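Spelled out from the first residue to the last, the chains are:
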Amino acid sequence: MRGRAADRARYDRATAHLDAPLAIVDLAAFDANADDLVRRAGGKPIRVASKSVRCRALLERALARDGFAGVMSYTLAESLWLARSGFGDVLLAYPSADRAGFAELAADPGLAAAVTVMVDDPAQLRLIDDARDGGREEVRVCLELDTSLRLLGGRVRIGARRSPLHEPVQLGALARAIARRPGFRLVGVMAYEGHVAGVGDAVKGRPARSRVVRTMQATARGELAARRAAAVAAVRAAVPDLEFVNGGGTGSVQHTAAEDAVTEIAAGSGLYVPRLFDNYTSFSGRPAALFAQPVVRRPGPGVVTVLGGGYPASGVAGADRSPEPYLPDGLRYDPQEGAGEVQTPLLGPPADDLRVGDKVWFRHAKAGELCERFATLRLVEGDVVRDTVPTYRGEGHTFL
């Protein structure tokens, strides 16, 4: 057996004593993906994006490897929890309005030293000050540069709506304001180019669209490299001892790392390699995170039904947000039903070889969101489950 068939045999043997639904992480694939990220980063450290992992044990596994340093978190509550759990460098990638969390941060020297929060508006600074509740610790802050590509005088925007700070002069002005403001220390700049790092440029069956995406991304990379360098220079003029400039994502690691202004890269999805990362010319990874659903019905020839499986990913609704029936190879959704809340019919020749109780293995569309469906991950090495570790949800945390 080779390829997918061999993987299916390994996963079935490793979990033969376990009932589905269940989720696994293939440790060999996880480690190989980590090595590939480090190689592409070209010597710049990788900050692990926790929203794409959502499991403390696997965050620790990544950070124990050479080439990884620090966590990029997604909520303030998560950031404080990670810091209390021993993670000493946590960058919150999104602004927060968690007043209780800011009061906790401003009152605790250890937390204040470990956590950096994101700001892009003076109103956020005022909210933090109003929430201090007597806490006097200096709050570490990072500015976010909007990376969207704007064409035709700004009438066309390509990229996510994130920070209002698009021009270098805007970052420089806010940097100077923070430098003058007591209670805050500006330590970093972040710029996440999601339209480059998170959009596949080699979509199967869509060659024309893929060519357009590649052209757009090449244009966006060139424009952003110049604007990011100017923005960092403007911030450094106000804060010469800036600690870091974070950029990139799994799909753009090597391109972002090539910019002199960038000191570290953010990545997380590339550790699990969910299905949305199958469509890139810049890299190819190994699927490391999968989940299994049990066959519970055989409605007729060429069809089986598994329990549940309707785990759509966030983003614009569409077929690409559904999990992919992965093992055995050759299964597909019934177009009249798709992936269901409590049952999912699957069609295709492999269905006739599946029995009630057998496992069908799926890949989720977006990395860490899988962990919101499972309390534990089974860590598979070869054809053995080496460990069982809790996800965030398994530890009782649902941060969003």
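In the annotation of an unreviewed UniProt entry, the protein chain is listed under the name Alanine racemase and assigned to Streptomyces silvensis.

Draft legend 1. Representation of the packing of aromatic side chains in the model. For the coordinates displayed, the defined rule picks out nine aromatic pairs. Pairing Tyr11 with Trp361 gives two aromatic rings, centres 5.6 Å apart and planes at 55 degrees, and the pair type is tilted. With a gap of 350 residues between them, Tyr11 in helix H1 (residues 3–14) and Trp361 in strand S17 (residues 359–363) connect regions that are remote in the sequence. Pair check on accessibility: Tyr11 and Trp361 agree, each one buried. With a centroid separation of 6.0 Å and 40 degrees between ring planes, the pair formed by Phe291 and Phe374 is classed as tilted. Here Phe291, found in strand S12 (residues 289–300), pairs with Phe374, found in the loop between S17 and strand S18 (376–381); they are 83 residues apart in sequence, far enough to count as distant. For the pair Phe291 and Phe374, one class covers both residues: buried.

Draft legend 2. Molecular detail of the sheet that holds strand S5 (residues 115–119). As summarised here, the arrangement of the eight strands in space is S2-S3-S4-S5-S6-S9-S10-S11, forming a closed barrel in which the pairing is parallel. Strand after strand, the sheet turns through a mean of 30 degrees between neighbouring axes, direction not considered. Against the sheet, helix H3 (residues 56–63) contacts strand S2 (46–49) and strand S3 (68–73), and its axis sits at roughly 145 degrees relative to S3.

Draft legend 3. Inspection of the environment of Val235 at higher detail. One can find Val235 in helix H10 (residues 207–238). We classify Val235 as buried; its relative accessible area is 0%. For the pair Val235 and Ser52, spaced 183 residues apart in the sequence, the C-alpha separation amounts to 29 Å. With sequence-adjacent residues up to four places away left out, Val235 is seen in contact with Leu143, Leu171, Ala175, Leu186, Val189 and Leu242.

Draft legend 4. How the structure looks around the packing of helix H5 (residues 99–107) against helix H7 (residues 122–131). Where H5 meets H7, the axes come as close as 8 Å, and the angle between the chain directions of the two elements is 70 degrees. When the axes of H5 and H7 are compared, the pair comes out roughly perpendicular. Considering only the axes of H5 and H7, their crossing is right-handed. Contacts from Arg99, Phe102 and Ala103 in H5 reach Leu127, Ile128 and Ala131 in H7. For the contact of H5 with H7, the residue count by class is five nonpolar, no polar and one charged.

Draft legend 5. Fine view of the side chain of Ser96. Relative to the helices and strands, Ser96 resides in the loop between strand S4 (90–92) and H5. The class for Ser96 is buried, based on a relative accessible area of 18%. At 3.0 Å, the side chain of Ser96 and the backbone nitrogen of Asp98 are in polar contact. Excluding anything up to four places from it in sequence, Ser96 contacts Leu76, Phe102 and Leu127.

Draft legend 6. Geometry of the pattern of salt bridges. In total, this model carries 31 salt bridges according to the counting rule given. A salt bridge links Arg227 to Glu223, with the shortest nitrogen-to-oxygen separation between them at 2.6 Å. Remark: Glu223 and Arg227 occur in helix H10; sequence separation between them is four residues, near one turn of the helix. When its relative accessible area of 7% is taken as the criterion, Arg227 is described as buried. Glu223 sits in the partly exposed class, given a relative accessible area of 26%. Arg321 is paired through a salt bridge with Asp320; the nearest N and O atoms lie 3.7 Å apart. With relative accessibility at 36%, the residue Asp320 sits in the partly exposed group.

Draft legend 7. Broad picture of the domain arrangement of the protein chain. Domains assigned within the protein chain are domain 1 (1–21 + 288–394) and domain 2 (28–272). Each of domain 1 and domain 2 has a C-alpha centre, and the two are 32 Å apart. The interface is formed by 13 residues belonging to domain 1 together with 20 residues belonging to domain 2. Each partner contributes to the roughly 1200 Å² buried at the junction of domain 1 and domain 2, and carbon and sulfur atoms together form 66% of this total. It is Ala288, Ala367 and Tyr392 in domain 1 that bury the most area against domain 2; as a group they hold 50% of the surface buried on that side. Run the count over domain 1 and domain 2 and you get one salt bridge. Viewed at the interface, domain 2 and domain 1 are joined by five residue pairs in polar contact (both at pLDDT 80 or more). Put simply, the parts of the chain that give the side of domain 1 that touches domain 2 at least two residues each are S18 and strand S19 (384–390).

Rules used in this analysis
Residues numbered from 1 in each chain as written. Predicted model: local features only at pLDDT ≥ 70, side-chain atom pairs only at ≥ 80, totals over all residues. Heavy atoms only, no water. Phe/Tyr/Trp six-rings, centres within 6.5 Å; stacked < 30°, edge-to-face > 60°. Helix = DSSP H or I, 4+ residues; strand = E, 2+ residues; numbered from the N terminus. Buried < 20%, exposed > 50% of the residue type's maximum accessible area, 1.4 Å probe, protein only. Pairing = 2+ DSSP bridges. Axes fitted to C-alpha atoms, helices over the stretch in contact; angles between N-to-C directions. Contact = heavy atoms within 4.5 Å. Parallel < 35°, antiparallel > 145°, perpendicular 65-115°, else oblique. Left-handed = near helix turned anticlockwise from the far one by under 90°. Nonpolar A, V, L, I, M, F, W, Y, C, P; charged D, E, K, R; others polar. Polar contact = N/O pair within 3.5 Å; in protein donor to acceptor, adjacent residues only side chain to side chain. Salt bridge = Lys/Arg side-chain N within 4 Å of Asp/Glu carboxyl O. Domains from an automatic or database assignment. Buried area = accessible area lost by both parts, 1.4 Å probe.

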